[in-house]
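Residue-level listing of the chains:
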Amino acid sequence: MPSVQAMKKPESPLWRFRAGSIALAAMLAVAACGSDAENSSAPATTGSHGAHASGSSAAPQPLRAGERFVDLKMAEAYTPAPPEGGTDEYRCQMIDLGLTRAAFLTGAQFTPENVAIAHHAIVYAVPPGGADAVREQDAKTPGPGWQCFGGTGVAGAEVEEGDAAWVDTWAPGATETLLTEDAGHKLEPGSLLILQIHYNLLATDGKPAGSDRSAVRLRLTDGTPQTRELETWSLDAPTDLPCAADESGPLCDRATSIADVTKRFGPEVGEMADRQVEECNEGGAPKPGDTQSCDHKVEAPMTLFAGFGHMHMLGRAMKVELNPGTPKAKVVLDVPQFDFDNQRLMKLASPVEIGPGDTLRVTCTHDAGLRKRLPQLSKLPPRYVVWGDGTSDEMCIGIMTVSPRKS
């Protein structure tokens with residue numbers, strides 16, 4: 001759903017999900033439909049690529065010891081206005097947390113006011129270092145918030161380089177994002193929230209369909225010396241999906257397709273396809289096909305708590321494996337039937353300890369044949385699909401929720 005702009009490999013594997021980096025697609029709807037992390041046996045997605053059913057989110061679970069709820073709301077109502085005659089708009093709204101002391105975010109529940117037009121939402125937490133860039137973006141855009149098909153749409157260095165954390169997702173039927181462990185995203189005074197809301201006006205052909213003033217309820221705690229601080233480690237792999245055998249056209253050429261992605265999203269995104277190939281493929285050459293993978297070396301001790309698989313609309317299946325091909329091999333994230341409209345955070349059955357010497361492999365399978373079957377893609381020209389932010393582009397990311405440890 002969420003548009004990942006060129007994700008640079010950091011020196012440390014512990015890096016937060018880039019707010020400007022995963023805007024997961026202009027029609028992207030990473031709709032991480034509900035992060036039922038409390039349920040360790042979260043059901044596999046259906047692979048239906050269907051529309052969301054309408055409905056409100058379930059009530060949050062009771063507060064646990066030391067926790068408190070903080071209710072926040074958009075500053076004013078917004079009436080969606082999809083660009084270029086379309087039916088979809090991604091709108092970002094800034095909310096000041098008003099924190100006077102540090103706190104841990106242990107749960108979140110996004111609540112849309114107008115469920116008829118709210119398709120999905122992502123909640124980002126921006127640290128104090130990125131606050132000025134967010135405020136500047138908000139101030140220079142007329143009306144409430146700003147348009148943000150590319151993630152948060154904020155170009156500030158602190159936001160761009162990975163300090164913003166993706167802390168919640170919502171889609172109709174979603175429950176509160178909640179882990180059972182004593183762990184959370186640390187928020188410092190001066191931190192902000194960004195709500196990225198995907199409004200869909202398909203039912204009215206893009207014409208105004210009322211306003212929306214959504215809200216979010218945060219579950220905060222002061223924490224203890226034992227509280228684990230959560231980070232997000234994004235494990236990506238290349239996408240090199242050729243046109244189907246019965247398809248043809250200028251964009252079926254890889255270089256032409258990359259040039260098109262560069263034109264639409266800029267050089268950072270355009271360079272991502274070749275950068276991934278160099279980092280992931282032996283010999284640094286593209287491997288055209290349905291399935292791609294990449295090994296990521298673990299460089300520091302950490303605990304895996306949960307995982308979230310993200311692709312776009314041609315995604316079929318994905319998994320993240322620990323130490324594949326060894327006696328210690330273990331699948332830590334498995335999405336055998338990927339559904340773009342039903343992506344969710346999946347809590348591991350029990351936390352997994354990893355460290356230097358371990359490898360995590362992410363593998364994704366895409367299907368070019370879906371292009372003719374999906375209304376959102378069927379009218380677009382065939383293309384050799386590479387990494388990009390748009391509906392017709394793809395991604396392969398295993399987004400792991402982790403916490404560093406000393407040893």
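Residue indices follow the written sequence of each chain, beginning from 1 at its first position. Note on the predicted model: pLDDT of at least 70 is required for a residue's local features to be given, and 80 or more for side-chain atom pairs to be given and counted; whole-chain, interface and lining totals, by contrast, use all residues. Where side-chain values are given, they derive from all heavy atoms of the structure, hydrogens and water being excluded.

Enquirer: Help me get a handle on the environment of Leu179, residues and values and all.
Expert: Numbering of helices and strands runs from the N terminus, with a helix taken as a DSSP run of H or I at least four residues long and a strand as a DSSP run of E at least two residues long. Looking at the secondary structure, you find Leu179 in the loop between β7 (177-178) and β8 (183-187). Taking the C-alpha atoms as reference points, Leu179 and Met346, 167 residues apart in sequence, are found 9.9 Å from one another.

Enquirer: Which residues make up the sheet that holds strand β14 (residues 302-310), and what values go with them?
Expert: Strand pairing is assigned whenever DSSP detects at least two bridges linking the two strands. With antiparallel pairing, the four strands of this open sheet are ordered in space as β12-β19-β14-β17. Edge positions in the open sheet fall to β12 (231-236) and β17 (345-354), since each of these has one partner strand only. Between one strand axis and the next, the sheet turns through 30 degrees on average, direction left out of account. Bridge analysis of β14 against strand β19 (residues 397-404) gives eight bridges, and the strand direction is antiparallel. Looking at the pairing, Gly307 lines up with Met400 of β19. For helices, the fitted line uses only the C-alpha atoms of the stretch in contact; every axis is such a line through C-alpha atoms, and the angle between N-to-C directions lies from 0 to 180 degrees.

Enquirer: Please provide a residue-by-residue account of the pattern of salt bridges, values included.
Expert: Once their charged atoms are close, side chains differing in charge can pair, the charge on each being opposite to the other. Salt bridge criterion: a side-chain nitrogen from Lys or Arg within 4 Å of a carboxyl oxygen from Asp or Glu. With the rule as written, the count across this model stands at 21 salt bridges. The partner of Arg91 in a salt bridge is Glu89, and the shortest N-O contact between them spans 3.3 Å. Note on accessibility: Arg91 and Glu89 belong to one class, buried. Measuring nitrogen to oxygen at the nearest pair gives 4.0 Å for the salt bridge that ties Glu321 to Lys319. Connected through salt bridges with shared partners, the residues Arg64, Glu67, Glu176 and Arg219 form a single ionic network. Buried residues are those whose accessible area, probed at 1.4 Å on protein chains only, stays under 20% of the maximum for their type, while exposed residues exceed 50% and partly exposed ones sit between those limits.

Enquirer: Requested: an account of the side chain of Asn323, with residues and values cited.
Expert: Along the polypeptide, Asn323 turns up in the loop between β15 (315-322) and β16 (330-335). Given the relative accessible area of 9%, Asn323 is considered buried. We define a polar contact as two N or O atoms separated by no more than 3.5 Å, with the added condition that, inside protein, one atom must be a possible hydrogen donor and the other a possible acceptor, whereas residues neighbouring each other in sequence contribute only through side-chain atom pairs. At 3.0 Å, the side chain of Asn323 and the side chain of Asp358 are in polar contact. Once residues within four sequence positions are removed from consideration, Asn323 is found in contact with Lys328, Ala329, Gly357, Asp358 and Thr359. Every residue pair with non-hydrogen atoms within 4.5 Å of one another is taken to be in contact.

Enquirer: Lay out empty space enclosed by the protein in plain terms, naming residues and giving numbers.
Expert: Computed from the structure, the largest cavity encloses a volume of approximately 300 Å³. Whether a set of points on the 1 Å grid over the protein atoms alone is a cavity depends on a 1.4 Å probe fitting there but being unable to get out, while an open set qualifies as a pocket with protein on both sides within 12 Å along at least five of seven lines; lining residues are those with an atom within 4 Å of a point. Lining the largest cavity we find 22 residues, and of these Trp166, Val167, Thr177, His185 and Leu345 sit closest to its centre. Secondary-structure elements contributing two or more residues to the lining of the largest cavity are β3 (103-111), β6 (165-170), β7, β8 and β19. Residues are grouped as follows: Ala, Val, Leu, Ile, Met, Phe, Trp, Tyr, Cys and Pro are nonpolar; Asp, Glu, Lys and Arg are charged; every other residue, Gly included, is polar. Taken together, the residues of the lining of the largest cavity sort by class into twelve nonpolar, nine polar and one charged. Grid points are joined across faces, edges and corners, and a volume is the space filled by probe spheres set on the points. Quantified by volume, the second largest cavity comes out at close to 50 Å³. Around the second largest cavity, the lining is made up of twelve residues, and of these Gly309, Val335, Gln343, Arg344 and Met346 lie nearest the centre. Considering each element in turn, the lining of the second largest cavity owes the most residues, three residues, to β14. Its residues placed into classes, the lining of the second largest cavity shows five nonpolar, five polar and two charged.

Enquirer: Break down the sheet that holds β15 for me, citing the residues and quoting the values.
Expert: Spatial ordering of the open sheet is given by β13-β18-β15-β16, a layout of four strands whose pairing is antiparallel. Single-partner strands in this sheet number two, and they are β13 (291-297) and β16. Between one strand axis and the next, the sheet turns through 15 degrees on average, direction left out of account. Pairing geometry for β15 and strand β18 (residues 359-366), over seven bridges, is antiparallel. Looking across to β18, one finds that Met318 is bridged to Cys364.

Enquirer: Let's hear about the nonpolar core: which residues, and what values?
Expert: Here, the term nonpolar core denotes a set of buried Ala, Val, Leu, Ile, Met, Phe, Trp, Tyr and Cys residues that are joined through side-chain atoms within 4.5 Å. One finds Leu304, Val332, Ile354 and Leu360 to be the most contacted residues of the largest nonpolar core, which totals 35 residues. Of the residues forming this core, the biggest block, four residues, is contributed by β17. Residues in contact with Ile354, not counting those within four places in the same chain, are Trp233, Val298, Ala300, Pro301, Met302, Leu304, Leu322, Leu360 and Arg405. Counting residues in each nonpolar core, the second largest holds 34 residues, with Ala164, Leu179, Phe308 and Trp387 among its members.

Enquirer: I'd love a proper account of the packing of aromatic side chains, names of residues and values included.
Expert: When two rings of Phe, Tyr or Trp (its six-membered ring) have centres within 6.5 Å they constitute a pair, described as stacked for plane angles under 30 degrees, edge-to-face for angles over 60, and tilted for the intermediate range. Scanning the entire structure with this criterion turns up two aromatic pairs. Each ring, one from Tyr78 and one from Tyr199, has its centre 6.2 Å from the other, and the planes form 40 degrees; the classification is tilted. Separated by 121 residues along the polypeptide, Tyr78 in the loop between β1 (67-73) and β2 (88-96) and Tyr199 in strand β9 (residues 192-200) bring together distant segments of the chain. There is no split in this pair, since Tyr78 and Tyr199 are both buried. Aromatic side chains Phe110 and Trp170 sit 5.5 Å apart centroid to centroid with 50 degrees between the ring planes, which places their arrangement in the tilted category. In this pair, Phe110 is assigned in strand β3 and Trp170 in strand β6, connecting sequence segments 60 residues apart. Take Trp170: its relative accessible area is 1%, and that puts it in the buried class. Of note, Arg217 hangs over the ring of Phe69, and the distance from its end group to the ring centre comes to 4.5 Å. Any Lys NZ or Arg CZ that is within 6 Å of a ring centre and within 35 degrees of that ring's normal is treated as a charge sitting over the ring.

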